[in-house]
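Listed here are the chains, written in short residue letters.
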Amino acid sequence: MGMQLFSRTAATPEIRAARLSFFVAMALLGIKMLAWLLTGSAAILSDALESIINVVAAAFAVFSVTVAAAPPDKRHPYGHGNVEYYAAGIEGLLILLASAAIIWESWDKILNPQALPNLGAGILLLVAASGVNLWLGLLLLRQGKKSGSLTLTADGRHVLTDVWSSGGVLLALALVMLTGWLWLDGAIACLVGANIAWTGVGLIRQSVAGFMNESDPALLQGICDLLRDNRHPAWINVHRLRAFKSGRSVHIDLHLILPRGMTLALAHEQVEALEQLLRNHLGPEADVMIHADPCAEDCCPACDADPCDLRSQPSEASPQWSPDTACTPLRGD
């Protein structure tokens, strides 16, 4: 696997974006380290330390999206998408370590401020690096949203956090040039460390939520809207709807209530039609499991099948499926 991470074969858009992030992070780290060597600024050093984490995080991103793109196999029948939660969690931990190192390094600069030579050149280098980072972060977020990749989204947010951090550093250095208050260099560096620590906590929270298969309200609402907008008359109701994302894949299972007088062959056709509807909407990687239930007398108000020899109560209205109703078991089962 290690030899394939940067090969040109079978590179998906997510893998190409992750590779781009890695190489750009390497280049920007060099630029920021040069700016620090020129100025000796604690604020610029804090930005450079965060870029070291960017490089490591980008390498994890390349690894995780490459592994996640592999199809299911005998050892991993549900695919490899959960590796992205590992990457997000590790990236969050690395960000927390970077924030601690930044604050530790910067505290002495507040107590014992020092002159900053070549500050103008350092600022220009940082402005250039920030512009490239802004472009990269927006690119990663767009690709992550398009593909549903948690790793690319986390990497994009991390890169944009680096942009905001660099903006704070640039503001501090500009104030140092205008006022001569050298202690601002260390103070802003500490604020940068605290800010990226908050980002790290957020990524760890996302990672834990993914491992725990935490409910995704937006995903469930989207499925309910799809079912409601494309409802077949034979689909009396749905319940026990569950869904979670794993990398590019979405795993869904639900119970579909069908007329109890329907033959097994017709019921199978309806189940297949619903499975295909979900895959067309969520992508071919969607893993869909549907259990067919026969209707009971208490289903009649929600059923608009007419005529129906089994009806015992009049039809009232089509069910307004929502996560609150579709995820709930019916009839005590």
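Our subject is the structure that appears above.
Presented here is a report on the structure given in the accompanying data block. Every value quoted in this text rests on a predicted model; they were computed, and no experiment measured them.

### Thoughts on the overall build of the protein chain
Link 1 in the chain: Each helix and strand in the protein chain was counted, giving nine helices and three strands.
Link 2 in the chain: Going residue by residue from the N terminus, the α and β elements of the protein chain occur as α-α-α-α-α-α-α-β-β-α-β-α.
Link 3 in the chain: Relative to the globule expectation of 20 Å for 333 residues, the C-alpha radius of gyration of the protein chain, 27 Å, shows a markedly less compact shape.
Link 4 in the chain: On the principal axes, the C-alpha backbone points of the protein chain span a range of 90 × 40 × 25 Å.

### Focus: the nonpolar core
Link 1 in the chain: Core analysis: the largest hydrophobic core is formed by 25 residues, its most contacted members being Leu 227, Leu 254, Leu 274 and Leu 278.
Link 2 in the chain: Listing elements by their share of this core, those giving two or more residues are helix H7 (217–229), strand E1 (237–246), strand E2 (249–258), helix H8 (264–282) and strand E3 (287–294).
Link 3 in the chain: Beyond its immediate stretch of four places on either side in the chain, Leu 274 contacts Leu 227, Trp 235, Leu 254, Leu 256 and Ile 290.
Link 4 in the chain: Grouped together as the second largest cluster of nonpolar side chains are 18 residues, Val 24, Ala 25, Val 62 and Leu 140 included.

### A closer look at the packing of helix H2 (residues 42–68) against helix H6 (residues 183–211)
What describes two packed helices is the angle between their axes and the distance between those same axes.
Link 1 in the chain: One can describe the packing of H2 onto H6 by two numbers: an axis separation of 7 Å at closest approach and a directional angle of 25°. By the criterion of interaxial angle, the relationship of H2 to H6 is roughly parallel. On H6, the residues that touch Ala 42, Ala 43, Ser 46 and Glu 50 of H2 are Asp 185, Gly 186, Ala 189, Val 192 and Ile 196.
Link 2 in the chain: Among the residues making up the contact of H2 with H6, the classes are represented as five nonpolar, two polar and two charged.

### Quick look at H8
Link 1 in the chain: Here H8 contains 19 residues, and its C-alpha end-to-end distance of 27 Å stays within 8% of the 27 Å for a straight helix at 1.5 Å per residue.
Link 2 in the chain: Of all the residues in H8, the buried ones are Ala 267, Gln 270, Val 271, Leu 274, Glu 275, Leu 277 and Leu 278. Looking straight down H8, one finds that the buried residues subtend no more than 155° of arc, so they occupy a single side. Relative to its buried face, H8 has exposed residues pointing more than 90 degrees away, namely Ala 265 and Asn 280.
Link 3 in the chain: Packed against the buried residues of H8 are H7, E2 and E3.
Link 4 in the chain: Residue Gly 283 follows H8 closely and has a positive phi angle near 105°.

### Some details on a nonpolar patch on the surface
Link 1 in the chain: Residues Tyr 86, Val 208, Phe 211 and Met 212 make up a contiguous nonpolar surface patch of roughly 440 Å² in combined accessible area.
Link 2 in the chain: Here Val 208 is to be found in helix H6.
Link 3 in the chain: Taking the relative accessible area as the measure of exposure, Val 208 reaches 46% and is therefore partly exposed.

### Points about the packing of helix H3 (residues 83–111) against H6
Link 1 in the chain: It is the contact of H3 with H6, at a shortest axis distance of 7 Å, that shows an interaxial angle of 165°. As judged from the angle between their axes, H3 and H6 are roughly antiparallel. Here H3 and H6 pass one another in a crossing that is left-handed.

Calculation notes
Residues numbered from 1 in each chain as written. Predicted model: local features only at pLDDT ≥ 70, side-chain atom pairs only at ≥ 80, totals over all residues. Heavy atoms only, no water. Helix = DSSP H or I, 4+ residues; strand = E, 2+ residues; numbered from the N terminus. Rg over C-alpha atoms; globule rule 2.2 N^0.38 Å. Core = buried A, V, L, I, M, F, W, Y, C linked by side-chain atoms within 4.5 Å. Buried < 20%, exposed > 50% of the residue type's maximum accessible area, 1.4 Å probe, protein only. Contact = heavy atoms within 4.5 Å. Axes fitted to C-alpha atoms, helices over the stretch in contact; angles between N-to-C directions. Parallel < 35°, antiparallel > 145°, perpendicular 65-115°, else oblique. Nonpolar A, V, L, I, M, F, W, Y, C, P; charged D, E, K, R; others polar. Expected span 1.5 Å × (residues − 1). Arc of directions from axis to C-beta. Patch = residues over 30% accessible without salt bridge, like charges linked within 9 Å, V, L, I, M, F, W, Y side chains within 5 Å. Areas by Shrake-Rupley, 256 points an atom, 1.4 Å probe, with all protein chains shown as cover. Salt bridge = Lys/Arg side-chain N within 4 Å of Asp/Glu carboxyl O. Left-handed = near helix turned anticlockwise from the far one by under 90°.

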